[in-house]
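Report on the structure
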Amino acid sequence: MHALRQEILPPSGVEFATSLRLTPSILGQLRTPPNATTRHEFAARALCNVVIARSSLLRIFEVREEPAIFQVDDERERKKALRGSEAVEGEIEMDEQGEGFVNIAKSNGQSPDVAVRTTTKFYLVREHRLHGIVTGMERVKTISTREDKLDRLLVSFRDAKIALLEWSTAVHDLVTVSIHTYERAPQLMSLDSPLFRAELRVDPHSRCSALSLPKDAFAILPFYQTQVDIDVMDHDQLQTRDVPYAPSFILDLATVDPNIRNMVDFVFLPGVNKPTIAVLFQTQQTWTGRLNEFKDTMRLVIFTLDIVTQTYPIITSVQGLPYDCFALLACPASLGGVIVLTGNAMIYIHSSRRVILPLNGWQPRTSDFPLPSLTSEQQNLNIQLDGSRATFVDDKTVFIILKDGTIYPVDIVMEGKIVANLTIGPPLAQTTIPTVIKRVTDTHIFVGSNVGPSVLLNAAQVEEEVDEDEEMNAATTVIKMDMDYDDDDDIYGDSKIVEPITNGEANGKASKKTRTVIKLSECDSLPAYGPIADMTFSLARNGDRPVPELVAATGSGRLGGFTLFQRDLPIRTKRKLHAIGGARGMWSLPIRQPVKTGGGLSYEHAMDPYRTENDTLILSTDVNPSPGLSRIATRAAKAEIAITTRIQGTTIGAAPFFQRTAILHVVTNAIRVLEPDGTERQIIKDMDGNMPRPKIRACSISDPFVLIIREDDSIGLFIGETERGKIRRKDMSPMGDKSSRYLTGCFYIDSTGLFEQSLHNSVAINGATTTLQAAVNPGSSGQFLLLVRPQGTLEIWNLPKLSLVFSTSMISALQNVLIDSHEPPALSLPQDPPRKPQDLDIEQILLAPVGQSSPQPHLFVFLRSGQLAVYQTFAGGQGPETPATVRASSLDIKFVKILSKAFEIQRPEEGEKSILAEQKRVLRMFIPFVTTPTPGTTYSGVFFTGDRPSWILSTDKCGLHLYPSGHNVVHAFTSCSLWESKGDFLLYSEERRQGPSLLEWIPDFHLTGPLPTRTITRDRSYSNLIFDPSTSLIVAASSLQARFASFDEDGNKLWEPETPNVSDPLCECSTLELISPDFWMTMDGFEFATNEYINDVAVVSLETAGTENGTKEFIAVGTSINRGEDLAVKGATYIFEIVEVVPDPAFSTKRWYKLRLRCRDDAKGPVTAVSGFSGYLVSSMGQKVFVRAFDSDERLVGVAFLDVGIYVTSLQTLKNLLLIGDAVKSVTFVAFQEDPYKLVVLGKDVNQICVNKADFFFADGQLSILTGDEDGIMRIYEYNPHDPESKDGRHLLLRTEFNSQSEYRASCLIARRSGEDPTIPQAKLITGSTDGTLASLAPIEESEFKRLLLLQGQLTRNVQHVAALNPKAFRIVRNDFVSKPLSKGILDGNILAHFESLPIGRQTEVTQEIGTDRVTVLKDWITLSGSW
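It should be emphasised that the depicted structure is a prediction, and the values quoted were computed from it without experimental measurement.

This part covers the overall build of the protein. In terms of helices and strands, the protein carries 17 helices and 98 strands. Here the protein holds 1428 residues, and the buried ones make up 56% of them. Restricting to contacts in the protein with at least 6 residues of sequence separation, those with at least 24 account for 60%. Taken as a whole, the protein presents about 63,100 Å² of accessible surface, with 49% of it coming from carbon and sulfur.

Written out as structure tokens, the structure is:
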């Protein structure tokens, strides 16, 4: 059986991060809107780029400083949106008037004296799914940095590769400079530890990088910084002139010091003359149980790296460090040395000095490191550093973020040039659970998390008054070492002594005593949900519409909870408006109503400035009855709708005109100007003399311009005369003769200011106004006209002069980058015989702003063949070369493709012009909209009507995505604020007799990725999750921490802490919760013992006498009971029943349920997995699997058992078949029979493989077995007794191995129904990984598989992949039992997705090489793509 694996959602969270100046926008001011004020211009600047990575996902962000926009509920919304940034109670006070700073020492609530309040935010620049697992990222300066002032990005990967990347302005993306592979290094050829991960570090002065390799070695890659480096390092300059690096080499650390083994961490030291590395290692390994034999086994070696001579003199060597050291922190150049983080202390080491800061009572119990005498306050200090991260916020302050997110400041106290001691202050605040912490600017700190959202903090230094008697207490130790101290100047360069600031007389007045403190504030966050522990499908209701919803248990600790995913953008119906019709189009318009005054007629101006933006009427049109009918409707009393005007004819388009005082109405044969009440002011019939022209098929309206496109592809352009209140034809002679033909076109209003700033005039305009609209309404934006000629040329004309400013012929092929070709207006093709539509004709085009906080212009293109492409507009499209022809005006922009999607188009027979065909015709149109679903959040997007309608939206931090609307066909769409809501839409769909309806987005859903998500915060994580179909409730097992105590036979504690700063050990415990998915509240729960935790939960159907059919669904729970390391683990099996009880009047729900414990069955070993056959419970206990019956609703009776492997990890049932996954013995295929009761082994895998999850996988009458292991390797097995290799079926046949690179422990099997035979479903597997990846595995037919397999090979070889990685090697699994890899059974959707985004010419070339055509391949891909 063949399958296709696709990533529905990429990995979530942040594992690696770095800050650098990557894009040119960092070097200068950002573009500001034309109507920006001085404060906007002051604040609009980019600070830096932040590049983050998790597994195979790499994202580039821009950190911008902008003016702060304050909303009424700003503080409330900010606290609601960001989880995990609460202040520790009693420790800090938020500055309500400023930026919400947190004061380290003493908060007085003072606001900074600044003229402009600014905020710092993230903006996504680019995102890539790599064909490799990132293990490190660093900033690098090369010799080219001196020219362009930009940094380069260095990325390391799991398979010992380093890629050097830089930003290319031409393609607006990363390009690969070089790739360095060490896969065949001797250290990796005999790799015996799969847990090894290559770490990347870079010298602060970018002189070289170091990649850690197995067997304690470094791969050193030197970089040129100046021409002198090239002369010194390389004599053969002809080969190295174009590369920024010298030849790399491998450094075996045994050559530096023979004792260096088992390296723990290493860092480069800043401010030194030559690259200097500090290495933390453990020659003699130990653990807690062997501290009596081996204690203080950690060592530290600091040595310099002479790249030219390849000598490595040791500067410092330290022995006797605590065994639990886990990280190094390089100190700034002003301090020198390093800080060593241990589980219980911090140690500063520099040359002849060691200073220790003990943080709990375990330090003297696990180490002989000398400690100072502690005060009573210091003895109560109980801080564990395991899992913590640290960084310098200035030269003398370190922030330590514990594994629960608590931030502690550590001050470094100096005595002259010597570090005297370290002091730790009270906790400042609580932020996210840290994985990586980076200082991105002088005042900003980025805290990345792989289990929840990542945050950007601002640490600003301010002066604060203090009392005379206030002092800083310290608990530190200074230990002098017998080493010379005179080497500092040689190692770190010349010393600089900083004089302390004294408080004395200033300007004749006595100044108050002040001190510098750091105030901490939260700037922005990146949403993430973290690992997926378990998931299940539930039934949600979007209004009155039931939809499937994927509920996942995500996060960890206090960031844990549930994340809800829906396939379509969640919407609900507010009201149905059948009276207005609108099957052919709807337009909701904000028309100002006339008001009679003494001086004549004027137009209303509401007191509320936002009131005029609300719509006042709806214009709708239908094709029935022929020749069509249009209606104008307004709001009546009681929020009802009233039709005020009916007009014969089908409306092509309508829009406000003359500053919203009239309606511009386009029908099939005329252009009309209507009064606000619908009466006709003016009509221009579309006639050629006395002869009628072909019907108008499309139009675009932008006050004061009107564009019409007729069925013969001719166009008409009209302009409004504001003084007369009427329109007239506009001269189009600059565009060519009257025979010019155009496929489509649209207007664009330059609301962002990009076009105005990119418009270069080589001829003076004599001070003329840019547009007529600008003369009537000063301050408005410029207008442009986009037209597409039949030969596939896009032209942009500046209005009102109609001067050609941009043209390109690359748009018809959907090239990745569109730039100005500087060609004159394209000639029209002869129309005799009339031109027939082509598949690659551009059917629709739109240029509109899309985005959230700062919308950017995006170009939308839809081809007649069904190909959709979206381009983002950027400034600077002109290359360095001078064009052959120079226009009077030119637009220096480029369009970069950021999204491509193929649709399957069903077209009627060509030439069919009947009325019935016109009624069945589906309009596919791009309709821009602006919506405010919640206060303070505004989206500018585009809705794509027709079949498979979609929302196209972009957010600040997640880029552009296409979300299905959930309808098969949408005929008409418009945003509508007639009911005074900025979040309403009008949509016409004939599904379920819906007709025209007023819709809104369901609140609390976030567009943070390819799927709409909703986060349910529970302040605890969950390990298991099931959906009970009988009650539509969710049963979840929470994962908590409890203090562990061991007791003797008399019930006395075996050990208790002697002092307050020694804590009890913690162990896992669980509770079972019954949760209502409607309100996400816990209805009932069951608490287990403090040393008992849940392994598995399942819904099983067991026999009972309480129902008519004799069976009922129960909740089965398997647990483990931890009794300490001296006693064997036990377990238990629980059977719960969900019963309905009388609801509590305090809650609004009508029905209430509780959990009732029906049975508990103790076991001699842990019950690691539970499942059920029809009427029987299947559970594992140790090395056995039991089948039990539920007797008399009170006890479990065993009927069959089977001896299996070592540790059962998964039980999966299908009818009477059972799959058993084992942590050592792979997978076993078993059948159950009732007469007599017996478990029969049908087949098993004979290799020793760790299986985390085993699932059945079937399609077209074929059954396969799918497993996943702890390394993310997916395997497909086949049970075939007729194959001789199977030994009569006793051995399962391994058919395919696929390295998904992400371990998954959660899976859901759903039905996938194909269009050919929808009655017999196929299996589709949804998997949730520990890195947050959500993937699908779908079966694929033989013919489609062969085509896509050949296509995958072509894309692997012929497409430039990011970082020059090898997609084929990324998925290959090493198997010593077969002659060649079994890699041809599962296709990689990440590679195949590249085909959809290729230019059409490249698509044709690639498919021709494999003997097929692009249309067939796209149809295969369309049928297989989709979430579920």
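Where helix α15 (residues 1389–1397) contacts helix α17 (residues 1414–1424), the two axes come as close as 11 Å, and the packing angle between them is 135 degrees. Regarding the angle of α15 to α17, the classification is oblique. Here α15 runs over α17; the crossing is left-handed. Between α15 and α17, the residues in contact are Gly1389, Leu1392, Ala1393, Phe1395 and Glu1396 and Arg1414, Val1417, Leu1418 and Trp1421, respectively. Residues that form the contact of α15 with α17 fall into these classes: 6 nonpolar, 1 polar and 2 charged.

The next point concerns helix α16 (residues 1400–1409). All of the buried residues in α16 are Ile1400, Gln1403, Val1406 and Thr1407. Along the long axis of α16, the arc covered by the buried residues comes to 125 degrees, so they all point the same way. Of the exposed residues in α16, those oriented more than 90 degrees away from the buried face are Gln1408 and Glu1409. Those residues of α16 that are buried lie in contact with β61 (856–863), β62 (867–875), α13 (1342–1358), α15 and α17. Gly1411 lies just past α16 and shows a positive phi near 75 degrees.

We now examine the sheet that holds strand β77 (residues 1066–1076). Taking strand neighbours across the sheet as the criterion, the 4 strands line up as β75-β76-β77-β78 in an open arrangement whose pairing is antiparallel. In this open sheet, the two edge strands, each paired with only one partner strand, are β75 (1021–1028) and β78 (1081–1087). Across the sheet, the mean angle from the axis of one strand to that of its neighbour is 30 degrees, orientation sign disregarded. Judged from the 7 bridges that link them, β75 and strand β76 (residues 1033–1043) form a sheet pairing that is antiparallel. Within the sheet, the bridge partner assigned to Tyr1022 lies in β76 and is Ser1038.

All right, on to the confidence of the model for the protein then. On average, the protein scores 85 in pLDDT, and the residues at 70 or more come to 86%. Between residues 33–43, whose pLDDT stays under 50, and residues either more than four places distant or in other chains, the model counts 17 contacts. This model gives residues 470–510 a pLDDT under 50, and the stretch forms 83 contacts once residues within four places in sequence are excluded.

Turning next to the sheet that holds strand β81 (residues 1130–1141). Taken in spatial order, the 4 strands of this open sheet run β79-β80-β81-β82, and their pairing is antiparallel. Edge positions in the sheet fall to β79 (1092–1103) and β82 (1152–1163), since each of these pairs with one other strand and no more. Here the average twist between neighbouring strands, direction ignored, is 25 degrees. One ladder, built from 11 bridges, connects β81 with β82; its direction is antiparallel. Note on β82: the bridge partner recorded for Ala1132 is Asp1162.

Once that is clear, we can look at a nonpolar patch on the surface. Together, Ile1206, Tyr1207 and Val1224 make up an exposed nonpolar region whose accessible area comes to about 240 Å². Relative to the helices and strands, Tyr1207 is located in the loop between β86 (1195–1203) and β87 (1208–1214).

What follows covers the pattern of salt bridges. All chains considered together, the criterion is met by 56 salt bridges. In this structure, the salt-bridge partner of Arg126 is Asp173, at a minimum N-O distance of 3.3 Å. Taken together, the positions of Arg126 in strand β6 (residues 118–129) and Asp173 in strand β10 (residues 173–181) put the pair 47 residues apart, joining distant regions of the chain. A single burial state applies to Arg126 and to Asp173, both of which are buried. When salt bridges that share partners are traced, they join Arg572, Lys574, Asp984 and Glu1000 into one network.

Moving on, we come to the side chain of Gln783. Within the element layout of this structure, Gln783 appears in strand β56 (residues 783–788). Among the polar contacts made by the side chain of Gln783, one reaches the side chain of Ser702 at a distance of 2.8 Å.

At the junction of Asp703 and Pro704, the peptide bond is cis and its omega measures out at 15 degrees in the coordinates. For Pro704, the location among the structural elements is in the loop between β50 (696–702) and β51 (705–710). At the junction of Asp1235 and Pro1236, the peptide bond is cis and its omega measures out at -5 degrees in the coordinates. Inspection of the secondary structure puts Pro1236 in the loop between β89 (1227–1234) and β90 (1237–1244).

Bringing the nonpolar core into the picture now. Membership of the largest hydrophobic core comes to 27 residues, with the highest contact counts inside it found for Leu859, Val861 and Phe895. Not counting residues up to four positions away in its chain, the partners in contact with Phe895 are Ile796, Phe806, Asn816, Val817, Leu818, Leu847, Leu859, Tyr871, Gln872 and Thr873. Formed by 23 residues, the second largest nonpolar core is a distinct cluster that contains Leu341, Leu359, Ile400 and Ile412.

On to α15, then. Those residues of α15 that sit buried are Gly1389, Asn1390, Ile1391, Leu1392, Phe1395 and Glu1396. The opening residue of α15 is Asp1388, an N-cap whose side-chain oxygen sits 3.1 Å from the backbone nitrogen of Asn1390.

Right, let's get into a positive patch on the surface. On the surface, a cluster of positive charge is contributed by Arg1357, Lys1368, Lys1380 and Lys1384. Inspection of the secondary structure assignment puts Lys1380 in the loop between α14 (1367–1371) and β98 (1386–1388). Lys1380 gets classed as exposed once you look at its relative accessible area, which sits at 59%.

On to the environment of Lys897, then. When you line up the elements, Lys897 lands in strand β64 (residues 893–902). The exposure class assigned to Lys897 is buried, which follows from its relative accessible area of 9%. Residues Lys897 and Ser1397, spaced 500 residues apart in sequence, show a C-alpha to C-alpha distance of 8.4 Å. Contacts of Lys897, omitting those with residues within four sequence positions, involve Arg126, Leu814, Gln815, Asn816, Ala869, Val870, Tyr871, Ser1397, Leu1398 and Pro1399. In this structure the side chain of Lys897 is engaged in a polar contact, spanning 2.8 Å, whose partner is the backbone oxygen of Leu814. A polar contact is formed between the side chain of Lys897 and the backbone oxygen of Ser1397, at a distance of 2.9 Å.

Quick notes on the rules
- Here the residue numbering is sequential within each chain, running from 1 through the sequence in written order.
- Residue-level local features of this predicted model are given only where pLDDT is at least 70; pairs of side-chain atoms are given and counted only at 80 or more, and the full residue set underlies all totals for whole chains, interfaces and linings.
- Hydrogen atoms and water are omitted, and side-chain values are computed over all heavy atoms in the structure.
- A run of DSSP states H or I qualifies as a helix once it reaches four residues; a run of E qualifies as a strand once it reaches two. Both are numbered from the N-terminal end.
- Think of it in three bands: residues with accessible area under 20% of the maximum for their type are buried, residues over 50% are exposed, and the middle band is partly exposed, with areas taken using a 1.4 Å probe on protein chains only.
- For this analysis, residues touch if any pair of their heavy atoms sits within 4.5 Å.
- Accessible surface area values rest on a Shrake-Rupley calculation with a 1.4 Å probe, where residue burial reflects the displayed protein chains alone.
- To get an axis, a line is fitted to the C-alpha atoms, and for a helix only the part in contact is used. The angle between two axes follows their N-to-C directions and goes from 0 to 180 degrees.
- Reported orientations rely on four angle classes, namely roughly parallel under 35 degrees, roughly antiparallel over 145, roughly perpendicular from 65 to 115, and oblique for the rest.
- By convention, the crossing between two helices is left-handed when the near helix turns anticlockwise from the far helix through less than a right angle, and right-handed when the turn is clockwise.
- Only Asp, Glu, Lys and Arg are considered charged in this grouping, and only Ala, Val, Leu, Ile, Met, Phe, Trp, Tyr, Cys and Pro are considered nonpolar; every other residue, Gly among them, is considered polar.
- Arc definition: directions from the helix axis to the C-beta atoms.
- Strand pairing is assigned whenever DSSP identifies at least 2 bridges connecting the two strands.
- Looking at any residue, its pLDDT shows the predictor's confidence there, from 0 to 100.
- Residues enter patches when they are more than 30% accessible in relative terms and free of salt bridges; like-charged ones are connected within 9 Å and nonpolar ones (Val, Leu, Ile, Met, Phe, Trp, Tyr) within 5 Å.
- Salt bridge, as applied in this entry: a Lys or Arg side-chain nitrogen positioned within 4 Å of an Asp or Glu carboxyl oxygen.
- Residues adjacent in sequence count toward polar contacts only when both atoms are side-chain atoms; beyond that, a polar contact is any pair of N or O atoms within 3.5 Å, and within protein one must be able to donate a hydrogen and the other to accept it.
- To form a nonpolar core, buried Ala, Val, Leu, Ile, Met, Phe, Trp, Tyr and Cys residues must be joined to one another through side-chain atoms within 4.5 Å.
- Under the counting rule used here, the positive set is Lys and Arg, the negative set is Asp and Glu, and His together with the chain ends is not counted.
- Charge positions come from single atoms, namely NZ of Lys, CZ of Arg, CG of Asp or CD of Glu.

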